[in-house]
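Reading the structure
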Amino acid sequence: LFELINPSPGMTMLDIGIGTGLFTLEFSRRGVSVSGIDPSEKMIAIARKRGLNAIRGEGEHIPFPDNSFDVVLSMTSMEFSGLPDRFVSEMVRVARPSAAIVVAVLNLISPWGIKRRIKGLFKENIFNSAHFYTFWELKRLLWRHLSLVNVTSSVFFTPDPPGILLERAEAIEHFGKKYFTPFGSLLVGKGIKKQKVGTTIEGP
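Reading the values: the criteria
- Residues numbered from 1 in each chain as written.
- Predicted model: local features only at pLDDT ≥ 70, side-chain atom pairs only at ≥ 80, totals over all residues.
- Heavy atoms only, no water.
- Patch = residues over 30% accessible without salt bridge, like charges linked within 9 Å, V, L, I, M, F, W, Y side chains within 5 Å.
- Areas by Shrake-Rupley, 256 points an atom, 1.4 Å probe, with all protein chains shown as cover.
- Salt bridge = Lys/Arg side-chain N within 4 Å of Asp/Glu carboxyl O.
- Helix = DSSP H or I, 4+ residues; strand = E, 2+ residues; numbered from the N terminus.
- Buried < 20%, exposed > 50% of the residue type's maximum accessible area, 1.4 Å probe, protein only.
- Pairing = 2+ DSSP bridges.
- Axes fitted to C-alpha atoms, helices over the stretch in contact; angles between N-to-C directions.
- Contact = heavy atoms within 4.5 Å.
- Polar contact = N/O pair within 3.5 Å; in protein donor to acceptor, adjacent residues only side chain to side chain.

On the surface, Leu108, Ile109, Trp136, Phe175, Tyr179, Phe180 and Phe183 cluster together to form a nonpolar patch covering roughly 670 Å² of accessible area. As for its placement among the helices and strands, Trp136 is situated in helix H6 (residues 135-143). A relative accessible area of 41% means that Trp136 is categorised as partly exposed.

Here we come to the sheet that holds strand S5 (residues 95-106). Read from one edge to the other, the open sheet built from seven strands follows the order S3-S2-S1-S4-S5-S7-S6, with strand pairing classed as mixed. Since the sheet does not close on itself, it has two edges, and those belong to strand S3 (53-56) and strand S6 (146-154), each with one partner. Looking at each pair of strands side by side, their axes are set apart by 15 degrees on average, direction ignored. As judged from the five bridges shared by strand S1 (residues 12-16) and strand S2 (residues 33-38), these two strands associate in the parallel manner. Directly across from Asp15, in S2, lies its bridge partner Gly36. Helix-sheet contacts for helix H4 (residues 84-94) involve S1, strand S4 (69-75), S5, S6 and strand S7 (186-193), and the interaxial angle to S5 is about 145 degrees. Of the strands in this sheet, S5, S6 and S7 are in contact with H6, which crosses S6 at around 160 degrees.

A few words on the environment of Asp70. Relative to the assigned elements, Asp70 resides in strand S4. Remark: the alpha-carbon pair of Asp70 and Met13, spanning 57 residues in sequence, is separated by 5.9 Å. Discounting residues that sit within four places of it in the chain, Asp70 has contacts with Gly10, Met11, Thr12, Arg96, Ala99 and Ala100. At a separation of 2.9 Å, a polar atom in the side chain of Asp70 contacts the main-chain amide nitrogen of Thr12.

Moving on, we come to unusual backbone geometry. Residues other than glycine seldom take positive phi values, yet Asn67 does so here, at roughly 55 degrees. On the secondary structure map, Asn67 appears in the loop between S3 and S4. Unlike most non-glycine residues, Thr76 shows phi in positive territory, near 50 degrees. Following the sequence through the fold, Thr76 ends up in the loop between S4 and H4. Taking relative accessible area as the criterion, Thr76 reaches 29% and is therefore assigned partly exposed.

This is how it looks when you write it as structure tokens:
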């Protein structure tokens, strides 16, 4: 995500599903002015204690005006939305012209996605109601709303990997990104807000 967003001081970013803010805090430490929304008041309270600007809100109804942010990020939040097109269109609405929109979701076709689905058969958990995406599904969704869409992935480990794999983490990730992009456990898509005038770039 840092490579895709290239955070810099003065940049404004909205994090949809900020949670406790632990992840977003890393962007704030790089000088990014971060705001976040989350439906959980308890998580918002923790994020605020970490010095982040967090308010209650949902991705389908973002409580910010049009053209407010340089980057709009959703990190493993869209899986819980029953209206993904509305979710992405709201991200686009609050993004400034040519702003980056970045969506990260859990991959259905990955060891982690499969493990969570199997666990859900035997024990109730929050992921039972989640919609995990495939590489191609996420790509089609983003192309409906954005220009210059690129989808990549990461985390090519099985759950609870042995130490010998962790020792070779960097090599495994590099190999996976090059040859097995559709199957990384975390899918990350990035696109640019389309311009209202002039030619737009069409996708598949």
